[in-house]
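Each chain, letter by letter, is given below.
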Amino acid sequence: SFRGPVLGIESAAQILTALETYTVRMERHNRNAMRLARWLTQHPMIDLVRYPGLLGDRENRIAATQMHTPEWHLGFSGMLSFRIKGGIETRDAFLDSFPFSGNNLIRHAPSLGSIKTLVETAAIVSHGGIDASLRHAAGIDDCDLRVSVGIEEPFELIIQDFQAALENAKMASHT
């Protein structure tokens, strides 16, 4: 907390710890996002995955020249987006699998950028203030979801949460 022009000792300690662990956290964010992006591309309920680390992504060539860690390892960030098939009802059933206070590792949250995996609806949260026709012209669909991939280990638990949520969404689309 701030007390006048001087940073409090607790805040300074938190900032120092964050700076000391930054490289390790970013490497884990990058690795986990790549793993999730690859997994999502193989899932039959996913229509589109946008992640600059994927070779088929439209931004991969540019990202490969610009996105590096300080040690010059490729790192494409912990952010990705994907489009779920089945319409808004299916999207909402998927998101309902991630209550903010639930026992799952993933959270449906209106913010991104945590050490935990967070998911949001692009058309409502990040692009909610943009007219629907402009969103669609920009390629942003109502079923696009944005993910801030966390640093969780073992990462297979995140995959299990995504798999369960997609199964819930699939069942909802058949009712």
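Preceding this section is the structure that the text describes.
Bear in mind that the values here come from a model prediction, so they are computed numbers and not experimental data. (Residues numbered from 1 in each chain as written. Predicted model: local features only at pLDDT ≥ 70, side-chain atom pairs only at ≥ 80, totals over all residues. Heavy atoms only, no water.)

## What about the pairing of strand β4 (residues 79-84)?
Extensive coverage of β4 is indicated by the burial of 5 of its 6 residues. As judged from the 4 bridges shared by strand β3 (residues 46-50) and β4, these two strands associate in the antiparallel manner. Across the sheet, V49 pairs through a bridge with F82, a residue of β4. Pairing geometry for β4 and strand β7 (residues 144-148), over 5 bridges, is antiparallel. When the sheet's bridge partners are listed, R83 is paired in β7 with D144. (Buried < 20%, exposed > 50% of the residue type's maximum accessible area, 1.4 Å probe, protein only. Helix = DSSP H or I, 4+ residues; strand = E, 2+ residues; numbered from the N terminus. Pairing = 2+ DSSP bridges.)

## Section: the packing of aromatic side chains
Taken as a whole, this structure holds 6 aromatic pairs when the rule is applied. Between F94 and F162 the ring centres are 5.8 Å apart and the planes differ by 45 degrees, which places this aromatic pair in the tilted class. Taken together, the positions of F94 in helix α4 (residues 88-96) and F162 in helix α6 (residues 156-173) put the pair 68 residues apart, joining distant regions of the chain. Classification of F94 by relative accessible area gives buried; the value is 0%. According to the relative accessible area criterion, F162 is buried, its value standing at 0%. Ring geometry for F98 and F162: centres 5.9 Å apart, planes at 55 degrees, overall tilted. Taken together, the residues F98 in the loop between α4 and β5 (107-108) and F162 in helix α6 connect sequence positions 64 residues apart. There is no split in this pair, since F98 and F162 are both buried. (Phe/Tyr/Trp six-rings, centres within 6.5 Å; stacked < 30°, edge-to-face > 60°.)

## Regarding the sheet that holds strand β6 (residues 118-121)
Spatially, β3-β4-β7-β6-β5 is the arrangement adopted by the 5 strands of the open sheet, whose pairing is mixed. Looking at the sheet topology across the chains shown, the edges are occupied by β3 and β5. Of the strands in this sheet, β3, β4 and β7 are in contact with helix α2 (residues 22-41), which crosses β4 at around 15 degrees. (Contact = heavy atoms within 4.5 Å. Axes fitted to C-alpha atoms, helices over the stretch in contact; angles between N-to-C directions.)

## Concerning the side chain of T117
Residue position: T117 is located in the loop between β5 and β6. Reaching out from T117, the side chain makes a polar contact with the backbone nitrogen of G150 at a distance of 2.8 Å. Filtering out sequence-adjacent residues up to four positions away, T117 remains in contact with L105, I106, R107, V147, S148, V149, G150, E152, I158 and F162. (Polar contact = N/O pair within 3.5 Å; in protein donor to acceptor, adjacent residues only side chain to side chain.)

## With respect to the pattern of salt bridges
Taken as a whole, this structure holds 8 salt bridges when the rule is applied. One salt bridge in this structure joins R35 and E153, with 3.9 Å as the shortest N-O distance. You can see R35 sitting in helix α2 and its partner E153 sitting in the loop between β7 and α6, a full 118 residues away along the chain. For D144, the salt bridge is made with R83, and the minimal N-O distance between the two is 2.5 Å. Residue D144 is located in strand β7, and its partner R83 is located in strand β4; the two are separated by 61 residues in the primary sequence. Summarising the burial analysis for this pair, D144 and R83 share the class buried. Each of R28, R31, R35, E153 and E156 takes part in one network of salt bridges that share partners. (Salt bridge = Lys/Arg side-chain N within 4 Å of Asp/Glu carboxyl O.)

## Concerning the environment of V119
Looking at the element boundaries, V119 is found in strand β6. Judged by its relative accessible area of 0%, V119 is buried. Leaving out residues up to four positions away in the same chain, V119 has contacts with F94, L95, F98, I106, R107, H108, A109, L145, R146 and V147.

## Focus: the pairing of β7
Among the 5 residues of β7, 4 are classified as buried, and the element is accordingly described as predominantly covered. As paired strands, β6 and β7 are joined by 4 bridges and run antiparallel to one another. Paired with E120 across the bridge in β7 is R146.

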